[in-house]
Amino acid sequence: MKKTILTLITFSICSITFAQDEIPVKENLDRTGDLIIEPAVGIPNAGSFLLMSANVFDDIYGTSDKIENTSFPVQFGGRLEYMVSHRIGISFEGNFEKSGYDKQYTSTVYDNNTGFYKDTTYHTIYEMRKTRLLARFQFHPVQTEKVDLYVGAGLGMTLVKETNPEDPIDEFDSFFFPILFVDRATDPLAARIFFGTRVNFTQHIGMLVEVGMGSGSILNLGINARF
């Protein structure tokens with residue numbers, strides 16, 4: 001993950017340098033009124049990552065355990081941004097993630113009816129679905145025909161739906177306990193800070209790379225259409 005973030009930072013610095021070289025030539029560029037549509041995926045799925053950090057998948061009951069991570073591998077989402085001016089954009093983001101597990105384990109228990117011990121199989125299913133809706137403010141310090149560099153912040157709400165909420169992960173058993181605690185304590189609030197780079201292949205089509213902290217995945221990759 002550190003290498004990925006370092007690569008993205010290097011990519012952004014190179015983008016700035018490249019863009020600054022083009023500014024004198026493209027000084028008449030004005031994207032006021034542009035509408036940008038962006039489908040994207042988030043890596044990793046934040047819920048699955050935090051789930052894996054706890055003891056859910058530890059072999060605490062023995063070799064008869066069968067534990068399956070039923071989380072989606074990535075977060076799915078999309079954004080819609082309107083450029084109020086050449087440098088400032090207002091956008092709306094929606095994203096969705098699913099995390100959970102399916103666990104079966106066998107334990108020996110005493111049977112009061114027979115007076116003997118017998119093996120009993122237990123089946124536990126837990127699932128959490130999060131839908132986040134955020135309004136985002138984005139500032140674009142660099143705007144050229146090929147590169148669009150932006151930073152910003154978002155604020156909104158999280159809709160949470162749990163299956164068997166009595167069987168969640170044990171936050172106290174996770175290295176990321178502070179994050180899990182804040183996440184549950186602040187629900188249904190969603191907040192995020194981010195910076196990203198769009199690379200435009202044509203006047204209307206491009207790709208994006210975004211790194212952020214808060215509600216959602218650390219790394220977002222996607223494509224964009226500009227109108």
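One can find the structure itself at the top, above this paragraph.
The present account deals with the structure reproduced in this document. (Residues numbered from 1 in each chain as written. Predicted model: local features only at pLDDT ≥ 70, side-chain atom pairs only at ≥ 80, totals over all residues. Heavy atoms only, no water.)

## Considerations on the overall build of the protein
Inference 1: Within the protein, the secondary structure is distributed over 3 helices and 9 strands.
Inference 2: Reading the secondary structure of the protein in the N-to-C direction produces α-β-α-β-β-β-β-β-α-β-β-β.
Inference 3: Classification of the 227 residues of the protein by burial places 39% in the buried group.
Inference 4: A sequence separation of at least 24 residues applies to 68% of the contacts in the protein between residues at least 6 apart.
Inference 5: For the protein, the exposed area adds up to about 12600 Å²; of that, 65% sits on carbon and sulfur atoms. (Helix = DSSP H or I, 4+ residues; strand = E, 2+ residues; numbered from the N terminus. Buried < 20%, exposed > 50% of the residue type's maximum accessible area, 1.4 Å probe, protein only. Contact = heavy atoms within 4.5 Å. Areas by Shrake-Rupley, 256 points an atom, 1.4 Å probe, with all protein chains shown as cover.)

## What about the environment of Phe76?
Inference 1: Within the secondary structure, Phe76 sits in strand 3 (residues 75-83).
Inference 2: Measuring from C-alpha to C-alpha, the distance between Phe76 and Asn220 comes to 9.5 Å, with 144 residues separating the pair along the chain.
Inference 3: With near-sequence residues (within four places) excluded, Phe76 lies in contact with Ala40, Val41, Gly94, Asn95 and Phe96.

## Thoughts on the packing of aromatic side chains
Inference 1: Within the structure shown, the criterion is met by 4 aromatic pairs.
Inference 2: When the centroid spacing of 6.1 Å and the interplanar angle of 80° are considered together, the rings of Phe72 and Phe76 count as edge-to-face.
Inference 3: Cluster of aromatic residues (ring-pair linked, three or more members): Phe72, Phe76 and Phe96.
Inference 4: Sitting above the plane of the Phe194 ring, Arg136 keeps its charged end 3.8 Å from the centroid. (Phe/Tyr/Trp six-rings, centres within 6.5 Å; stacked < 30°, edge-to-face > 60°. Lys NZ or Arg CZ within 6 Å of the ring centre and 35° of its normal.)

## What about the environment of Thr197?
Inference 1: Position of Thr197 among the secondary structure elements: in strand 7 (residues 189-200).
Inference 2: Look at Thr197 and you get buried, because its relative accessible area is 1%.
Inference 3: Distance from Thr197 to Tyr150, taken between C-alpha atoms, is 6.3 Å for residues 47 residues apart in sequence.

## Some words on the pattern of salt bridges
Inference 1: Summed over all chains, the structure comprises 15 salt bridges.
Inference 2: Notably, a salt bridge pairs Arg79 with Glu210, separated by 3.1 Å at the nearest N-O pair. Here Glu210 lies in strand 8 (residues 205-214) and Arg79 lies in strand 3, a separation of 131 residues in the sequence.
Inference 3: A relative accessible area of 5% places Arg79 in the buried class.
Inference 4: Since its relative accessible area comes to 0%, Glu210 is described here as buried.
Inference 5: Arg136 is paired through a salt bridge with Glu93; the nearest N and O atoms lie 2.9 Å apart. With Arg136 in strand 5 (residues 116-143) and Glu93 in strand 4 (residues 88-111), this residue pair connects regions lying 43 residues apart in the sequence. Each member of the pair, Arg136 together with Glu93, is buried.
Inference 6: Through salt bridges that share partners, Arg31, Asp34, Glu38, Arg79, Glu81, Glu93, Arg136, Asp148, Arg192, Arg198, Glu210 and Arg226 make up one connected network. (Salt bridge = Lys/Arg side-chain N within 4 Å of Asp/Glu carboxyl O.)

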